[in-house]
Every structure is written in C-alpha cells, then in structure tokens.
Amino acid sequence: MANLGSEAEREPLLGTGSPGSREWGMIETQEHYKSRWKSVRILYLTMFLSSVGFSIVIMSIWPYLQKIDQTADASFLGWVIASYSLGQMVASPLFGLWSNYRPRKEPLIVSIFISVAANCLYAYVHVPAAHNKYYMLIARGLVGFGAGNVAVVRSYIAGATSLQERTGAMANTSTCQALGFILGPVFQTCFALIGEKGVAWDIIKLQINMYTAPVLLASFLGILNIILILFILREHRVDDLGRQCKSVNVPEENADELQIPEGSIDQVAVVATNIVFFVVLFIFAVYETILTPLTMDMYAWTQEQAVLYNGIILVAFGVEAVLVFMGVKLLSKKIGERAILLGGFVVVWVGFFILLPWGNQFPKIQWEDLHNSSTPNTTFGEIIIDLWNSPREDHSEQPTGCPIEQAWCLYTPVIHLAQFLTAAVLVGIGYPACSVMSYTLYSKVLGPKPQGIYMGWLTTSGSAARILGPVFISHVYTYLGPRWAVSLVCGIVAFTILLIGAVYKRLVAFSVRYGRIQE
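Definitions and cut-offs
Residues numbered from 1 in each chain as written. Predicted model: local features only at pLDDT ≥ 70, side-chain atom pairs only at ≥ 80, totals over all residues. Heavy atoms only, no water. UniProt positions renumbered as here; feature names shortened; annotations may be inferred. Disulfide = S-S within 2.5 Å. Buried < 20%, exposed > 50% of the residue type's maximum accessible area, 1.4 Å probe, protein only. Helix = DSSP H or I, 4+ residues; strand = E, 2+ residues; numbered from the N terminus. Polar contact = N/O pair within 3.5 Å; in protein donor to acceptor, adjacent residues only side chain to side chain. Contact = heavy atoms within 4.5 Å.

- The name an unreviewed UniProt entry gives the chain is Major facilitator superfamily domain containing 8, with Rattus norvegicus as the organism.
- Regarding the chain, the UniProt comment filed under Subcellular location (unreviewed entry) reads as follows: "Endomembrane system".

Okay, here's the thing in structure tokens:
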C-alpha cells in the first residue's frame, strides 16, 4: 500500500509570491508533507479493508444462511445481500456530516468499530435458538453501515491534496477499493479448506469454520486499522495550490495557516455529478447481475461452467480496472479529467451497443424441466441459489440453455461469444475510468471547504444504484430479454453523455471557477 501514493505525491511547496504577501509563507514543511501522506496512505488501507469486508463472505452467504436457518428463502437472501448497500446508504451522509465538524478520527474509528462488532455478530448468528436469519440480516446491514466511512475517506483525501495531487490520490483510492473486491473472494477460497465443521471453541461458543473464519479475519484487520488511525492519522487540510489551510473540524491550530477561501459551490455541477456517479455504479451493478444468467442462457453453460468462467471474467475485470486506475493518472495530465469521463462513457456505450443481439442464430432452448427443486430461470434469486447451493448430483444430466418459460428465447438471436467478450473488455475500460473521474471532479468542484456531507451524498447515490440496478435488470431481462435490457442501458448511458456535455464547462475546480488558478 505504501507505494501507491508515490506517483500522486510531489515535493512540498515552500511558498509562492513575495515575502510578506498573502501568498507567501512556509506553506508546507518536509515534516508536514510526510505526515500528510502517511495519513493519506492509512486511508488507502481503510478503503481496501472496507472492500474486503464486503467481498470476503459474498460467495458463502447462501450456504451459511441455509445452515443456520432452514426457513430462509430466495427473497430473504436478496434482502441479506442488499442490506449492506442499504446500511451504507443510510450511514454515508451521517458520517460525512460528522466529519465536517469534528476530528475525522472520530467517525472513522466509530464506523470501523461498528464493522468489527457486526462481523463478530455474523460469526455468532448460529447461536440463537430461533430467528437466526434476522441476526444475519442485521449483521450484514451493520457491516454496510460501518462502510459508510467511505465518505469520510474521500472527504479527507480531497481536503488533504492539492489539485495536482488529487487525481492520482483518488485513483490510488479506487485501486485499493478494487484490490479489496478482488482479494476478498480469494481469502474466502483459502478459508474453504477449513471446511464446514472446522474447530469449535466451546467456552465462548465460537465455531471457526469456512463461514466464520473470513469475518474473524476482517475483525482482526479492523482492529489493526483502528490502531493505525489512532497513532498515525493526523488532521491535514491544504488548498488547491497545496498551501496549508486552517481546518474547521479541529481545535485552534497554527495561526499562520491560510483561511479557507470564500465562494459558493456550483450546485448544478454537484447534482449533475451525483447523477453521473449513480449511473456509473448502476452500470456496474447491471453488468454484474446479468453476467451469470446471460451466459447460461446464451451459451448453454452448466452451473459449474458459469461459476468458473464468470469468476475468471470478474477477476480479469478487476485486474483491468486496476490497470485503468493507474493509467488515468498519467492520461489526465494530458487531456484532463472531463475528457476522460466523457470518453469513458462513450466506451461503455459502445460496449453495451456491441452486446445487442443480432443475426439469425438463436440460443439453445431448454425444454426439459430442471431436476429436483430447481426451477426455470424465472427469477435471479433462484439463479443465485443454484450457483451457491450446487447440487451434488451429476450436472451433466441437468438441461442447459435458454428456458422455454422465457418467451423471448424463441425469437431473440444469440449474443455471440466474441460480442460478449469484446463488450466485457470495453466496459472494463470505461467503468473504472468513469468511476474515478466522477468523484475526482466532484471533489474539485466542491473546493477546499469540508466535503464530508457532500461525499456522503455521493456514496449514497452509489449505494442506491447498487440496490436499484439488480432489481431493474432482473425484471427487464426475465420478461423482455437481453435486447430490451441492453437497449435501455444504452439509452441511460446516452442520456448521461448528453448530461456531461451540457454541464461540461461547469465541471471545473472551485479555484478555477473563481479565477484563483488557471485551468
């Protein structure tokens, strides 16, 4: 993690203007510079661990839920998964508001402690005699609530970096977040070696098995994170030029520090960027949700094939995202953040347009009834259950292809594998570029004033997109098919491109807007 900040950093500014003027002063000492970037790196780690906390159990939730409570069904599984985003959506503006007026250590430590406690609760949801599924629901919701500190992290990094440093720092933040999503399932896979039975610690009624070991690791890492924040994180705020500013959320400090400049925030740009960020997360949620049923319907993949191949695709998607995050730091210096944001959406639109079905070849139709309790692909909850609760029978006997109950299977052309892979590559380029540029521009539009509450609303927009995206695509895909689903996504992306074009000139840094810095 320590190396991630190197490209975003620069030598500390010593001063500008003439001695004795408003622009002159010991802007940043070497000691302050080192302390500032140590603090930023701690928040890189916080972002990484927050992502790990979400993804480390995602593939084992369903079998664990079945094990602790036989009354849990597909609809309840959906609520358990959605509770994380719901918790984060509620908490983000609250923690953001808190960080505006108090030292940011406070909301960070409290939020991480909530996540640690929630993970411990998750490890003990098997203990109660009844209603175990509701305890799991509460546990995942509280983990999401703790993850609301993402708003505080982004707010801190935005306030502790100059305009020159901002894009690189935000890209590093996204890289850490992506690495967390990638490595979480890897940790889960390693813990699968422990098995379902594992080891029991009867004195404290703790079972350490493949379901609980990941959250116990997440709790340990959370405690380590709290210790690092307590002893290393310091309050730092600089203006767009990198000059130290007086922080409004800490007690009286150095009187020589510059005051935060006055000026109103462009609310049109703020609202537009929130909409853009919503669409960015909506696109990813839609793509992630449609991936498994689309490949099973179009290519007649078995459950094992779908899990394996789509797992490889998602890992490749994550690696591609990390490369893009690192690449945009260099590219933004040449063409600017706005151009990358607009170009990223164009690439995403092309990717989804390529995904549209065409030609005279149709998918294989699944005429037979599925064995046992499995039912045709009428809902996404059932698909998720099939993948997580893989039957022990020979899957070669199970029918594959597009189920006849989906009427569109009879008249919708197949999406060729080359189309699908090309679209995956393009979305894998466009999505991360749009993601990092949207909240980088957002932080610059807001300027050097405390950004906690605004970053909270941005995180809320993303959480709402992750909730609504799967609901939207599941209904459209199931009843109307991929042609309608992909067309509607293309329409949403096209609308966003027009929106960016309409506010393009307003997506400028606060200091540029008021003429304090030349763009």
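A look at the state of the cysteines
- Under the defined criterion, the tally for this structure stands at one disulfide.
- Each sulfur in the disulfide pair Cys 402 and Cys 409 lies 1.9 Å from the other. Classification of the bridge connecting Cys 402 and Cys 409 rests on its S-S torsion, roughly -60°, and on that basis the disulfide is left-handed.
- Given a relative accessible area of 0%, Cys 402 falls into the buried group.
- Among the residues examined, Cys 409 registers a relative accessible area of 1% and is labelled buried.

What to know about the side chain of Gln 88
- With respect to the helices and strands, Gln 88 occurs in helix H3 (residues 74-101).
- Residue classification places Gln 88 among the buried positions, given a relative accessible area of 5%.
- Looking at Gln 88, its side chain comes within polar contact range of the main-chain oxygen of Ala 147, at 3.1 Å.
- Beyond its immediate stretch of four places on either side in the chain, Gln 88 contacts Gly 144, Phe 145, Ala 147, Gly 148, Val 150, Thr 459, Ser 463 and Arg 466.

Comments concerning unusual backbone geometry
- The phi angle at Lys 205 is positive, at roughly 55°, despite the residue not being glycine.
- Within the secondary structure, Lys 205 is located in the loop between strand E1 (199-201) and strand E2 (206-208).
- Judged by relative accessible area, Lys 205 falls into the exposed class, the value being 57%.
- If you check the backbone angles, Ala 300 has positive phi at about 55° while not being a glycine.

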